[in-house]
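# Summary of structural features
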Amino acid sequence: MSRTVVLAAAISLALAACSGKESTPVSDTQQTAPAQAPADASTNPLLSASTLPYQAPPFDKIKDGDYLPAFNEGMKQHLAEVRKIADNAEPATFDNTIEALERSGETLTRVSRIFFGLVQADTNDARQKVQEEVAPKLAEHQDEINLDPASLRKLNVEETTLATQFHTRLVAATAAGAVVVDDKAKLAGLDEDAINTAAADAKARNLDGKYLLPLQNTTQQPVLGSLSDREQRAAVLKASETRAEKGDANDTRETIQRLAQLRAQKAKLLGFENYAAYSLADQMAKTPAAALKLLTDTVPAATAKARGEIGEMQKVIDAQKGGFKLAASDWDFYAEQVRKAQYDLDESQIKPYFEMDNVLQNGVFYAATQLYGITFKPRTDIPTYHPDMKVYEVFDKDGTSLALFYTDYFKRDSKSGGAWMDVFVEQDGLTGAKPVVYNVCNFTKPAAGQPALLSFDDVTTMFHEFGHALHGMFSKVKYPSIAGTSTSRDFVEFPSQFNEHWALDPKVFANYAKNYKTGEPMPQALVDKILKARTFNQGYATTEYLSAALLDLAWHTQPADAKLQDVAAFEAGALKKFKVDLPQVPPRYRTSYFDHIWGGGYSSGYYAYFWAEVLDHDAFEWFKENGGLTPENGQVFRDKILSRGNSVELADLYREFRGKEPSVEPLLVNRGLK
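A quick note: this is a predicted structure, and the numbers were derived from the prediction, not measured.

## Things to note about the environment of Thr535
Tracing the backbone through its elements, the reader meets Thr535 in the loop between α18 (524–532) and α19 (538–556). Exposure remark for Thr535: the relative accessible area of 27% places this residue in the partly exposed category. Beyond its immediate stretch of four places on either side in the chain, Thr535 contacts Lys305, Val669, Asn670, Arg671 and Gly672.

Below, the structure written as structure tokens:
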């Protein structure tokens, strides 16, 4: 997921992070200073360009108390710069207007990128308070520049405030919703490392002698594939689904009701039938109808495959004389058994071959070197905001410096759920600035002294987010507002999803899939099982995604005069309307914890992953037709897609690369739906 924070996006992402839990310990350099300290460039490192390589953020010098004064000074400077442009007595030209606007707001952009990147990945009480104060100020600031109508300004401020509130509550609800287990026997099915991690997580919350199962952002939870105690599985899924529906301070439902309503009202003021119509006008899809057609056309094949998967699992339950019908909380547990039976494939067999650092170095980086000729050098001299992070300098194939790349891979309570890419510094052809890019994930941190072993889903996530990173690193455009991943949402996921294909490329896979103890490559028989199982469980995976994407569009195609909706009733009605109401297959995100659309800038845009998937599979067909993993093919893709940002109409950009319109057929075949 790309979370590029240019100024406008920073406002919608003002929305991303914060935690209502216990305050996270911070370093001596991050203790809270007075919130209204004067904005002094000599003492506030945010008020001047960093002197570090690539203008990397000086996290070792920035204090939490620096952010609010820097935001206030940044907005003040930006307004003065814009006023100077507007008051220029010379005839308006591209250079003295458009390009001048591109150059304006340097301080505010710098502060926004650093702060929102940090608060998304490592929040605390002080940062949460800054975000709550600055989010509506940023909305007002943007409107001060762009808008006259007072009514729209009011809605924008309220939307920003509510979106921030939603995210704050959700992060707190997710942390508070972690499942506490008293009896180790209830954890039967988990391996010893997972149990030790659960014990350590409990101890970290002063729950000595107990076990803690933290929640991730999605409905399904990783432990559900292993827990053999059916009651415990049901308890975990219930905790996940109801995390933000407890009627407490972290309940998100009233916030959602008003957000949906005011977005519809905002769209009407702007002349659109509904918010989705407004939001999609500048996307590749152009209209909600086009997005809905792609999704609903896929529903029959996806749900039919899911029902077939239900039948296979029910056979296992009946053969074991379980005496019950498959429930949503049972899915992963019995899917794993079916996978073992049909493909003789056990997740525990695979993980020893996917040690995290090895996957990064000899998989993700290796594929990029083979395709694009770039190389990576660790930089231990660049400060970070958390000790788990690593920094690499990236060099182009001719040896010239290209970018900095940060990784922040482990889950922690101060981090939002999911995985994403963003930049601290955007590529800028006006100033010559090179990109400073980062990837954030939520992989399980191992107990001390143990290796970080990934599932293949985690491996795919690592390749995915690095695809976004390449999009940012290879950007070669003049104007920063259209650089890198600053494209439409239904295009931005194309380079990232495309990069996932290299995880299973035979040459790449053989280079990284090695046992962390022995260094031996994964046996070919096990590789073959992984390849055979690629379309396994795709009925479930596709249906849970479609359910969430359709829910998003249902909420955002309401008219402006629609009443406040009961969240549970609206959700149930939408799932039934679109024929995705399978009780065994809940949406990937239910409404109350759907952070993408209420707090993460993807309102009306969750369909974009599927739209981009059409492009990514079609593009990979081009690679297969032209020889696969070669430097020549990589150069074409870099030149025609990855370096162009949003400088060309995106549909034209894709046609220029592919030579024709994209086809949905490769996607359907890849998912086993055709």
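So much for the structure itself; the text now carries on.
## Digging into the confidence of the model for the chain
Of all residues in the chain, 93% have pLDDT values of 70 or greater, and the mean over the chain is 92. With pLDDT under 50 throughout, residues 3–37 is counted as low confidence; its partners more than four residues away or in other chains account for 110 contacts.

## Overview of the sheet that holds strand β5 (residues 401–410)
Taken together, the five strands give an open sheet; going across it, the order is β3-β4-β5-β7-β6, and neighbouring strands pair in mixed fashion. With one partner strand each, in any of the chains shown, β3 (375–378) and β6 (420–425) form the two edges of the open sheet. Between one strand and the next, the sheet's axes are offset by a mean angle of 30°, whatever the strand orientation. As paired strands, β3 and strand β4 (residues 390–395) are joined by four bridges and run antiparallel to one another. Following the sheet pairing, Lys377 is matched in β4 by Glu393. Seen against the sheet, helix α4 (residues 106–121) touches β5, β6 and β7 (436–443) and runs at an angle of roughly 145° to β6. Lying over the sheet, helix α15 (residues 456–473) contacts β3, β4, β5, β6 and β7, oriented at roughly 165° with respect to β7.

## Description of the side chain of Asn358
If you trace the backbone, Asn358 turns up in helix α14 (residues 356–372). Residue Asn358 is classed as buried on the basis of its relative accessible area of 19%. A polar contact of 2.6 Å, which involves the side chain of Asn358, links it to the backbone oxygen of Tyr512. In this structure, Asn358 is in contact with Gly363, Tyr512 and Lys514, ignoring residues within four places of it in sequence.

## Notes on the packing of α14 against α15
Between α14 and α15, the least distance of the axes is 11 Å, while the angle of their chain directions is 45°. Taken together, the axes of α14 and α15 lie oblique to each other. Along this stretch, α14 crosses α15, giving a crossing that reads as right-handed. For the pair formed by α14 and α15, the contact residues are Met356, Val359, Leu360, Gly363, Val364, Phe365, Ala367, Ala368 and Tyr372 on the first element and Val459, Met462, Phe463, Phe466 and Leu470 on the second. A class-by-class count of the residues in the contact of α14 with α15 yields 13 nonpolar, one polar and no charged.

## Comments concerning unusual backbone geometry
Note on backbone geometry: most residues besides glycine have negative phi, and most peptide bonds are trans. Positive phi outside glycine occurs at Asn206, with the angle close to 60°. Here Asn206 lies in the loop between α7 (192–204) and β2 (211–213). Judged by relative accessible area, Asn206 falls into the exposed class, the value being 69%. With phi around 75°, Lys286 is a residue other than glycine that occupies positive phi space. Within the fold, Lys286 resides in the loop between α10 (275–280) and α11 (288–319). For Lys286, a relative accessible area of 40% gives the class partly exposed.

## Remarks on the packing of α14 against helix α23 (residues 631–642)
Between α14 and α23, the shortest axis-to-axis distance is 6 Å and the interhelical angle comes to 90°. Viewed along their axes, α14 and α23 adopt a mutual orientation that is roughly perpendicular. Residues Gln370, Leu371 and Tyr372 of α14 lie in contact with α23, whose contacting residues are Pro631, Gly634, Gln635, Phe637, Arg638 and Leu642. Looking at side-chain class alone, the contact of α14 with α23 contains five nonpolar, three polar and one charged residues.

## A closer look at the packing of aromatic side chains
This model, assessed by the stated rule, comprises 52 aromatic pairs. Ring centres of Phe491 and Phe494 lie 5.4 Å apart, and the angle between their planes is 80°; on these two criteria the pair is classed as edge-to-face. Taken together, the residues Phe491 and Phe494, both in helix α16 (residues 489–500) and three residues apart, mark about one turn of the helix. Among the aromatic residues, those joined into a cluster by ring pairs are Phe491, Phe494, Phe498, Trp502, Phe620, Trp622, Phe623, Phe637, Tyr654 and Phe657. Stacked on the ring of Tyr593, the Lys or Arg Arg243 has its end atom at 4.4 Å from the ring centre.

Criteria and cut-off values
Residues numbered from 1 in each chain as written. Predicted model: local features only at pLDDT ≥ 70, side-chain atom pairs only at ≥ 80, totals over all residues. Heavy atoms only, no water. Helix = DSSP H or I, 4+ residues; strand = E, 2+ residues; numbered from the N terminus. Buried < 20%, exposed > 50% of the residue type's maximum accessible area, 1.4 Å probe, protein only. Contact = heavy atoms within 4.5 Å. pLDDT = per-residue confidence, 0-100. Pairing = 2+ DSSP bridges. Axes fitted to C-alpha atoms, helices over the stretch in contact; angles between N-to-C directions. Polar contact = N/O pair within 3.5 Å; in protein donor to acceptor, adjacent residues only side chain to side chain. Parallel < 35°, antiparallel > 145°, perpendicular 65-115°, else oblique. Left-handed = near helix turned anticlockwise from the far one by under 90°. Nonpolar A, V, L, I, M, F, W, Y, C, P; charged D, E, K, R; others polar. Phe/Tyr/Trp six-rings, centres within 6.5 Å; stacked < 30°, edge-to-face > 60°. Lys NZ or Arg CZ within 6 Å of the ring centre and 35° of its normal.

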